[in-house]
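Now for the letters of each chain:
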Amino acid sequence: MKRVADHLSDILETIRPLPALDVQLLDAHGCVLIEDVVAPWPLPQFDNSAMDGYAVLADDVAGASEDDPVELPVVADIAAGDLQVSAISSGLTARIMTGAPMPARADAVVPVEHTDGGTARVRITSPAKPSAHVRRAGEDVNSGDVVLGAGTYLGAPQIGLLAAVGRDRVAVRPKPRIVVISTGSELVEPGNPVALGQITDSNSFSLTAAAREAGALAYRIPPVPDDPDRLLGLIEDQLVRADMVITTGGVSAGAYDVVKEVLSRLGTVAFEKVAMQPGKPQGFGTIGEESTPIFTLPGNPVSAFVSFEVFVRPAIRKMFGAARLHRQSVKAVLQQTLRSPEGRRQFARARLQPSSDGSYLVTPLGTQESHRLGDLAYANSLIVVPEHITEVTAGQVVDAMRLEHRKD
């Protein structure tokens, strides 16, 4: 059998990052930036008020108190967006709104809560130090700063920053388009009646969701029966829109394993036994004129999901240029003895939780059979047991792959 590390290495050597695209700003959300973005102006762009209140010279209100307020004439009202802001002199004040530009010479803002709210004259009952409640130009970002570097993942805060520095388009590596296909004549769509011998398709739903969590644009195809011609035609049709194809089922040695039958004649797809549990039967290669990568995963639900996490997720993330390809792993103390088959790397479903001393505890779930989807739904990690180890006892430290249900 082929080693897990060797199979993953072969996959990642084949996968290439997608070509860059220049896209509108909101379309860049969830993508990876491939250019350095330089601020053309400072942030804030001008000195402005952080509060509703009164712009003053700090020296004029240095002695203000409840018992001895300072009274000043109000010579202007300054609203956010006001384009005609002048200066104020000592002994005067201007009423100012949050975000409004500071008048020249004013060096502080007294919040309205510390005044009587006057419009012609105002009584100020609290002093203000220089720069109090003033946002200075450039205190966040200076003109010419690289605000986001190439390789940055563009989440909501990053999109906001790009807008703030005036970018309406950016160059990114796009999200890969993934097509997910379940195969098997026994499969029916959720919501339909299930006769004896049939099962509801779940793999295409879990794998499509997993691909989206990995950062892809994933599309699910309804189940395809065990018909080689229909499967071949469907795959060829989907290559028009797919950067990657994932199939599940039909890759073992049975008489009706049509995925293996069809794809063995196409492209570079190779079907191998990988030394892992669950997920031994694996297929990978490229097909079509564009050498589109295709993964053929086992049909058992847990096998399919674990195979995705170990092999497909890193490939997706390489395609769109993510800095981190693999799930984070942590060291954890095993809470129950766990047995593992000799010569195969086990990925055991488990619950990971922090302990009071900052370390982690991890507990295996169920019997680790590859059809038990219920246990998988409660797992937040996979315990990774190396090929040469057949038993890990409670209290030993193991590696736990965290199944965080978000893009990182």
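Predicted model only: the values in this text are computed from it and were never measured.

K.L.:
Explain the sheet that holds strand β1 (residues 21-24) to me, please; I cannot follow it from the model alone.
P.N.:
The pairing of strands in a sheet happens through backbone hydrogen bonds and is either parallel or antiparallel. The sheet built from three strands is open, its strands ordered β1-β12-β2 with antiparallel pairing. The open sheet terminates on both sides in strands that have one partner only, identified here as β1 and β2 (32-33). Here β2 runs beside strand β12 (residues 169-173); their pairing, made up of two bridges, is antiparallel. Each residue of the ladder has a partner; that of Val32, found in β12, is Arg173.

K.L.:
Sorry, what's going on with the pairing of strand β24 (residues 345-354) here?
P.N.:
The two faces of the sheet receive side chains in turn, since in a regular strand these alternate between them. Pairing geometry for strand β19 (residues 276-277) and β24, over two bridges, is parallel. Within the sheet, the bridge partner assigned to Gln277 lies in β24 and is Gln346. Where β24 lies against strand β25 (residues 360-364), five bridges are found, and the strand directions are antiparallel. Its bridge partner lying in β25, Ala350 is registered against Pro364.

K.L.:
I would appreciate a short explanation of the side chain of Ser355 in the present structure.
P.N.:
Tracing the backbone through its elements, the reader meets Ser355 in the loop between β24 and β25. Engagement of the side chain of Ser355 in a polar contact is seen with the side chain of Ser359, the distance being 2.7 Å. If we skip the residues at most four places from it in the chain, Ser355 touches Tyr360 and Leu361.

K.L.:
What is the right way to look at the nonpolar core in this model?
P.N.:
If you look at soluble globular proteins, the nonpolar side chains tend to sit buried side by side. Among the nonpolar cores identified, the biggest contains 41 residues, and Met244, Ile246, Phe295, Phe308, Phe311, Ile316 and Phe347 are the most heavily contacted of them. In terms of residue count, helix α6 (residues 301-319) provides more of this core than any other element does, 11 residues in total. The residues touching Met244, leaving out its near neighbours within four places in the chain, are Arg177, Ile178, Val179, Thr292, Pro293, Phe295, Val312, Ala315, Ile316 and Met319. Of all hydrophobic cores here, the second largest spans 19 residues; its members include Val245, Val259, Val262 and Leu263.

K.L.:
Is there a simple way to think about the packing of aromatic side chains in this case?
P.N.:
We describe a pair of aromatic rings using the distance from one ring centre to the other and the angle between the two ring planes. The tally for this structure, following the rule as stated, stands at one aromatic pair. Both rings, one in Phe284 and one in Phe295, keep their centres 4.8 Å apart while their planes meet at 45°; by these two values the pair is tilted. Here Phe284, found in strand β20 (residues 281-287), pairs with Phe295, found in strand β21 (residues 292-297); they are 11 residues apart in sequence, far enough to count as distant. We note that Phe284, like Phe295, is buried. Taking NZ or CZ as reference, Arg241 lies 4.5 Å from the ring centre of Tyr219, over its face.

K.L.:
For this particular structure, what's the right way to read the pattern of salt bridges?
P.N.:
If charged atoms from side chains of opposite charge come close, those side chains can pair. As enumerated under the stated definition, the model contains 15 salt bridges in all. Note that Lys2 is salt-bridged to Glu272, the shortest N-O span being 3.1 Å. Residue Lys2 is located in the segment before α1 (4-14), and its partner Glu272 is located in strand β18 (residues 270-273); the two are separated by 270 residues in the primary sequence. Two residues, Lys331 and Asp399, come together in a salt bridge whose shortest N-O distance is 2.7 Å. Note that Lys331 is positioned in strand β22 (residues 329-334) and Asp399 in strand β28 (residues 397-402), a separation of 68 residues in sequence. The class of Asp399 is partly exposed, set by a relative accessible area of 32%. Among the charged side chains, a network of salt bridges with common partners joins Lys2, Asp10 and Glu272.

K.L.:
Hey, could you run me through the packing of helix α3 (residues 203-213) against α6 in this one?
P.N.:
Pairs of packed helices are described in terms of their axes, by the angle between the two and the distance that separates them. At a minimum axis separation of 10 Å, α3 and α6 run at an interaxial angle of 25°. The pairing of α3 with α6 is recorded here as roughly parallel in orientation. α3 and α6 meet at a crossing whose hand is right-handed. Of the residues in α6, those in contact with Asn203, Leu207, Ala210, Ala211 and Glu213 of α3 are Pro301, Ala304, Phe305, Phe308, Arg313 and Ile316. Counted by class, the contact of α3 with α6 contains eight nonpolar, one polar and two charged residues.

The rules behind the values
Residues numbered from 1 in each chain as written. Predicted model: local features only at pLDDT ≥ 70, side-chain atom pairs only at ≥ 80, totals over all residues. Heavy atoms only, no water. Pairing = 2+ DSSP bridges. Helix = DSSP H or I, 4+ residues; strand = E, 2+ residues; numbered from the N terminus. Polar contact = N/O pair within 3.5 Å; in protein donor to acceptor, adjacent residues only side chain to side chain. Contact = heavy atoms within 4.5 Å. Core = buried A, V, L, I, M, F, W, Y, C linked by side-chain atoms within 4.5 Å. Buried < 20%, exposed > 50% of the residue type's maximum accessible area, 1.4 Å probe, protein only. Phe/Tyr/Trp six-rings, centres within 6.5 Å; stacked < 30°, edge-to-face > 60°. Lys NZ or Arg CZ within 6 Å of the ring centre and 35° of its normal. Salt bridge = Lys/Arg side-chain N within 4 Å of Asp/Glu carboxyl O. Axes fitted to C-alpha atoms, helices over the stretch in contact; angles between N-to-C directions. Parallel < 35°, antiparallel > 145°, perpendicular 65-115°, else oblique. Left-handed = near helix turned anticlockwise from the far one by under 90°. Nonpolar A, V, L, I, M, F, W, Y, C, P; charged D, E, K, R; others polar.

Honestly, that's just the spatial picture; any functional story needs more than this.
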